Amino acid sequence: MKGKLKIIVIFLCFVAVFYGSLVKTISAAEVPGVTKDKIIIGTLSPLTGPIAMVGIPIADAVKDYFSFINEQGGIYGRKIEVISEDDKYEPPQAVASLKKLIDRDKIFACASTSGTPITAAVAPTVGREKIPSMAPIPAYGIFEPKPPKYIFAYGPFYADQVIFNIEYILFTLKAKDPKLAFFYQDDDFGQDGYRGFKAAVEKYKLNVVATEKYTRGAIDISSQVLNIKRANPDFLILTFIPSHSIMLLKEAKKLGLTIPIFSCANARLEEVIKVSGDAADIYHCAEYTALPNETNVPGMAKLIQNRNKRNPAEKVPPKYYILSYVNALILGEGIKKAGKDLTREKLRSALESLKDFNTEGLTGSISYSQNDHCPMTAMRVVKANSKTGYYEPITDWGLTKLNLKQK
Amino acid sequence: MRSGDFKTSYGEDMALLQTTFIKVCIGIFVISLIGFVLIADKYSIYIINLSAIATIGSLGINLLTGFTGQISIGHAGFLAIGAYSSAILTKSGFPFLVALPLAGLISTIAGLLVGIPSLKLRGLYLAITTFAFGFIVEHLANSWVSLTNGAQGMEVIPANIFGINFDTDKGFFFLVFPLAAFAIIFARNLVRSKPGRAWIAIRDRDIAAETIGIDLYWYKLSSFAVSSFYAGVAGGLIAHYIQYIGPTHFELLVSVQYLAMIIIGGLGSILGSIFGAVFMTILPEFLKLLPDLLRGSYPIVTEKFADINLILYGLIIMLFVIIEPKGLNGIWNNIKVYWRMWPYTH
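If you're wondering where the values come from, they're calculated on a predicted model, not measured in any experiment. (Residues numbered from 1 in each chain as written. Chains lettered and ligands numbered in written order. Predicted model: local features only at pLDDT ≥ 70, side-chain atom pairs only at ≥ 80, totals over all residues.)

Observations regarding the sheet that holds strand 10 (residues 283–287) of chain A
Residues and elements named next belong to chain A.
Stage number 1. Here we have 7 strands laid out as an open sheet, ordered 7-6-8-9-10-11-12, and mixed in their pairing. The open sheet terminates on both sides in strands that have one partner only, identified here as strand 7 (207–214) and strand 12 (390–393). Between one strand and the next, the sheet's axes are offset by a mean angle of 25°, whatever the strand orientation.
Stage number 2. Summarising the sheet, strand 6 (residues 179–185) and strand 8 (residues 235–239) pair through 5 bridges and their orientation is parallel. Of the residues in strand 8, the one forming a bridge with F182 is I237.
Stage number 3. Contacting strand 6, strand 7 and strand 8, helix 7 (residues 188–204) runs over the sheet at an angle of about 160° to strand 6. (Pairing = 2+ DSSP bridges. Helix = DSSP H or I, 4+ residues; strand = E, 2+ residues; numbered from the N terminus. Axes fitted to C-alpha atoms, helices over the stretch in contact; angles between N-to-C directions. Contact = placed C-beta atoms within 7 Å.)

The following block contains the structure:
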């Protein structure tokens, strides 16, 4: 028995030496991800799988913007290194990817927490590790009633976008007692739009003739469109994802439904026009960023110039590229404001004290406060044009008159 | 040199760990695992914890599919019921120590309900039934807003036992590791006792099993019950670890992953369940290392071929099914046999 004990003890010694060699000595005073000449920023987004077409532009935008900053000499002489991690759009996987970014890559801040379900799943980890982070999508469920301490975003919730569309119908088009129909995707995203619709109906005493919904991933919405057609509304308001917008526009053309259709910013993709053809001419969206064809907007011109320099092959920046680029802009400004002695707490309070941040026309001005990490920014109604393949703004920038946040 | 295991008493033959060598190996494994967790970074511990949770879940599905031969493509449904039950119970004031077994029991009740048709249905038909069950649970999680907070998902309070919060990765390891160890020992004893033998008999030929006096009704249901209890506990642990759950956490893909775990690990094997769970949890992370290594020198590779992981992942699973249908457990056994006779192997 003694012989065996000896073997075990010797083995344990080996184990101890092996593990001991793994431990790196890190001085406690250092801020993770910040050195004299470098700041490490992470991004989390789906880089593989079916939603990669959204996730790759999110990561690219952050990389491109900080490459631009590095060419200008960095921030206080520090170059910014961007490390992108794939979350596969699966919640437990995303938490693993974020932990890898924090522990292995030692990121200082995170420029994208990916889509809404992923942001919700990583929020406890972000809070515990105190990583200032940007979320690409303004999601009501995450930022209301109390925002997570370290996560920031910008833009109107879907409820606000729906209200903006309705207010356009009421006050700009001056429609008299319009008959409205509402059609939404039955999940958290669509429910948020419905919340705005109900609030507007109550406030403005509107005449609703049809309310329809479809389940996420449904491949046929013709019966709902038929119901809407039978109800004979004057306007159709949507909270849809782009693929279903295309389905709806094609179905509407088939059934001869020619009323104006109003959707939210997330479904304002050039692809919708490309695939639907002239069926898209009745399609409107509430949009809170500048459009990719507005090259006269200084912010957009710079964005396109910077992007073309790095990706000469692709000309039109995708929607999520623009959204994420603005996030990188905000994060860069926050790091600048936080000063030379950078810490995560300083960055968080710098972001919280950001007032009327000007994105040079990419979005309306952005102001944060301690209780508002996702400020409503100005919107416009844009209309699809099947001849050019782009959207055209048909209103000025503005906010909703009915503000749900004040309640 | 050892030429075989020879036993001189029934006690020795029935021992769980049969040789001193195995006892020492397992002891070293446990000690080095704990040692590693004490010094490793949170990311590594997170992966270890996920593996441990997956082990509990895959043991459950292996008891049902591997040992009893009842295919389940709706296991994510049991995980979801466990996760939501535990989350809701702790939210309404139950201590974690009560909520987790209760979550397992609630999942068991669901398992019994799904198990009832299994007495009439076999093979593909049962697979479709469990498949539908998975969808029903996902739909309920989405639509029963007052209970589950719908598609928005709900926050879960961290596990707390007698005032100790298990909200760090390291802390959680010391909660999940003993549970996983207990789950393994329990399952191992279960499959070599009466119920386990009955399950295997049912799997091999249910009519023959009935003729030798095995109560099909009771044993099929009990297999569903035990399996869903395991899944419920695994689901509860995931909920308290990630501290947030939503319907998207328990989609069809999760059921498929669990099925893949036991196929890769080895159907009808406890060790195989562990191998499969650990392998399937670590593999995607391991595959990430490849682009990471190339990032420095060949950034273009990682940018343009991000999907390379996905291809490798699929390829490895396919190769397993084709080359080694007995799974990792089969490979392990081959290695053992090889070394037992070394250097006189044929």
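From this point, the narrative continues.
Some thoughts on the environment of I73(B)
All names here are of chain B.
Stage number 1. Mapping I73 onto the fold places it in the loop between helix 3 (42–67) and helix 4 (75–91).
Stage number 2. The spacing of I73 and L252 is 179 residues in sequence and 7.9 Å in space, taken between C-alpha atoms.
Stage number 3. Those residues in contact with I73 that sit more than four places away from it in its chain are A127, T130, F131, G134, S255 and L259.

Some thoughts on the pairing of strand 10 of chain A
Residues and elements named next belong to chain A.
Stage number 1. Burial analysis of strand 10 places 5 of its 5 residues in the buried class, the great majority of the element.
Stage number 2. Residues Y283, C285 and E287 line one face of strand 10 and the alternating positions H284 and A286 line the opposite face, and both faces are buried.
Stage number 3. As judged from the 3 bridges shared by strand 9 (residues 261–263) and strand 10, these two strands associate in the parallel manner. Its bridge partner lying in strand 10, I261 is registered against Y283.
Stage number 4. For the handedness criterion, the β-α-β arrangement of strand 9, helix 10 (residues 270–276) and strand 10 is classed as right-handed.
Stage number 5. Where strand 10 meets strand 11 (residues 380–385), 4 bridges bridge the pair, whose relative direction is antiparallel. Note that in strand 11 the partner of A286 across the bridge is V381. (Buried ≥ 20, exposed ≤ 12 C-beta atoms within 10 Å, placed from the backbone. Right-handed = clockwise from strand over helix to strand, strands pointing away.)

Quick word on helix 7 of chain A
Residue and element names in this part refer to chain A.
Stage number 1. The terminal C-alpha atoms of helix 7 lie 24 Å apart, and with 17 residues this matches the ideal 24 Å at 1.5 Å per residue to within 8%.
Stage number 2. Those residues of helix 7 that sit buried are D188, F189, G190, Q191, D192, G193, Y194, G196, F197 and A200.
Stage number 3. Buried residues in helix 7 make contact with helix 4 (116–129), helix 5 (140–143), helix 6 (158–172), strand 6, strand 7 and strand 8.
Stage number 4. Two residues or fewer after helix 7 comes K205, characterised by a positive phi angle close to 50°. (Expected span 1.5 Å × (residues − 1).)

Some thoughts on the nonpolar core
Stage number 1. In this structure, I41(A), I237(A) and I53(B) are the most contacted members of the largest nonpolar core, which totals 211 residues.
Stage number 2. Looking at this core, the element that brings in the most residues is helix 3 of chain B, giving 15 residues.
Stage number 3. Three or more residues apiece are contributed to this core by two domains, here domain 1 (38–155 + 296–352) and domain 2 (158–287 + 380–406) of chain A.
Stage number 4. Excluding residues within four positions of it along the chain, I237(A) makes contact with V162(A), N165(A), I166(A), L180(A), F182(A), F197(A) and F262(A). (Core = buried A, V, L, I, M, F, W, Y, C linked by C-beta atoms within 7 Å. Domains from an automatic or database assignment.)

Quick look at unusual backbone geometry
All names here are of chain A.
Stage number 1. The omega torsion of the bond from E144 to P145 falls at -5°, within 30 degrees of zero and hence cis.
Stage number 2. Inspection of the secondary structure puts P145 in the loop between helix 5 and strand 5 (151–152).
Stage number 3. The backbone phi angle of K88 is positive, close to 55°, even though this residue is not glycine.
Stage number 4. Tracing the chain through its elements places K88 in the loop between strand 2 (79–86) and helix 3 (91–103).
Stage number 5. Phi is positive for K174, which is not a glycine, with a value near 50°.

Comments concerning the environment of A328(A)
All names here are of chain A.
Stage number 1. In this structure, A328 sits in helix 12 (residues 319–338).
Stage number 2. For A328 and L238, which are 90 residues apart along the polypeptide, the C-alpha to C-alpha distance reads 30 Å.
Stage number 3. Dropping the residues within four chain positions of it, A328 is found in contact with A61, V62, Y65, F66 and A111.

Focus on the domain arrangement of chain A
Residue and element names in this part refer to chain A.
Stage number 1. Annotation of chain A at the domain level lists domain 1 (38–155 + 296–352) and domain 2 (158–287 + 380–406).
Stage number 2. The gap between the C-alpha centroids of domain 1 and domain 2 is 29 Å.
Stage number 3. At the junction of the two partners, domain 1 supplies 5 residues and domain 2 supplies 6 residues.
Stage number 4. Tallied by class, residues from the side of domain 1 that touches domain 2 come to 2 nonpolar, 2 polar and 1 charged. (Nonpolar A, V, L, I, M, F, W, Y, C, P; charged D, E, K, R; others polar.)

Observations regarding the pairing of strand 6 of chain A
Successive side chains on a regular strand alternate, one facing one side of the sheet and the next facing the other.
Residue and element names in this part refer to chain A.
Stage number 1. Buried residues dominate strand 6, accounting for 6 of its 7 residues.
Stage number 2. Both strand 6 and strand 7 contribute to a ladder of 7 bridges, which runs parallel. Bridging across to strand 7, A181 finds its partner in A210.
Stage number 3. The β-α-β motif built from strand 6, the intervening helix 7 and the parallel element strand 7 has right-handed crossover chirality.

Side note on the environment of I161(B)
Stage number 1. With respect to the helices and strands, I161(B) occurs in strand 2 (residues 160–161).
Stage number 2. Measuring from C-alpha to C-alpha, the distance between I161(B) and L97(B) comes to 6.4 Å, with 64 residues separating the pair along the chain.

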